[in-house]
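Secondary and tertiary structure notes
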Amino acid sequence: ASGAALTHSNLPNGVVGYVVLEITNGGVATTLFSGLKWPGGVAQSFSVSGRDVLALMCRDGSTVNVVGFSKGMA
């Protein structure tokens, strides 16, 4: 596959929601939606070969924060 794009819409305001993504071989061409907030303000790269696990959290209906990232899992 040549990659994937992730988008979001209609997130509830005032409710904390989490999603955990497992991305396999995502370094090829995986992009996430704009406005994603990474710890320290620096986006991480995904593994070209292997699995990455990404945990996302939203509580205000618009700002999605990365709250966990494990890179290169077997």
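Because the structure is predicted, anything quoted here is derived from the model rather than measured.

Tallied over the full model, the rule gives two aromatic pairs. Between tryptophan 38 and phenylalanine 69, the ring centres sit 5.6 Å apart and the planes meet at 85°, which makes this aromatic pair edge-to-face. Of the two residues, tryptophan 38 sits in the loop between β1 (13–24) and β2 (51–60) while phenylalanine 69 sits in strand β3 (residues 64–73), which places them 31 residues apart along the sequence. Relative accessible area serves as the criterion here: at 12%, tryptophan 38 is assigned to the buried category.

In this section: the nonpolar core. The biggest cluster of nonpolar side chains holds twelve residues, and these are Leu21, Ile23, Leu32, Phe33, Leu36, Trp38, Phe46, Leu54, Leu56, Cys58, Val64 and Val66. Elements supplying a minimum of two residues to this core: β1, β2 and β3. Here this core takes three residues from β2, the largest share from any one element. Leave out the neighbours within four places in its chain, and leucine 36 touches Leu56, Val64 and Val66.

The next thing to look at is the sheet that holds β2. On the basis of which strands lie adjacent, the open sheet formed by three strands has the order β1-β2-β3 and antiparallel pairing. Among the strands making up the open sheet, the edge pair consists of β1 and β3. In this sheet, neighbouring strand axes are inclined to one another by 10° on average, regardless of whether the strands run parallel or antiparallel. Bridging between β1 and β2 involves nine bridges; their strand directions are antiparallel. Pairing of isoleucine 23 across the sheet is with aspartate 52, part of β2.

What counts, and at which threshold
Residues numbered from 1 in each chain as written. Predicted model: local features only at pLDDT ≥ 70, side-chain atom pairs only at ≥ 80, totals over all residues. Heavy atoms only, no water. Phe/Tyr/Trp six-rings, centres within 6.5 Å; stacked < 30°, edge-to-face > 60°. Helix = DSSP H or I, 4+ residues; strand = E, 2+ residues; numbered from the N terminus. Buried < 20%, exposed > 50% of the residue type's maximum accessible area, 1.4 Å probe, protein only. Core = buried A, V, L, I, M, F, W, Y, C linked by side-chain atoms within 4.5 Å. Contact = heavy atoms within 4.5 Å. Pairing = 2+ DSSP bridges. Axes fitted to C-alpha atoms, helices over the stretch in contact; angles between N-to-C directions.

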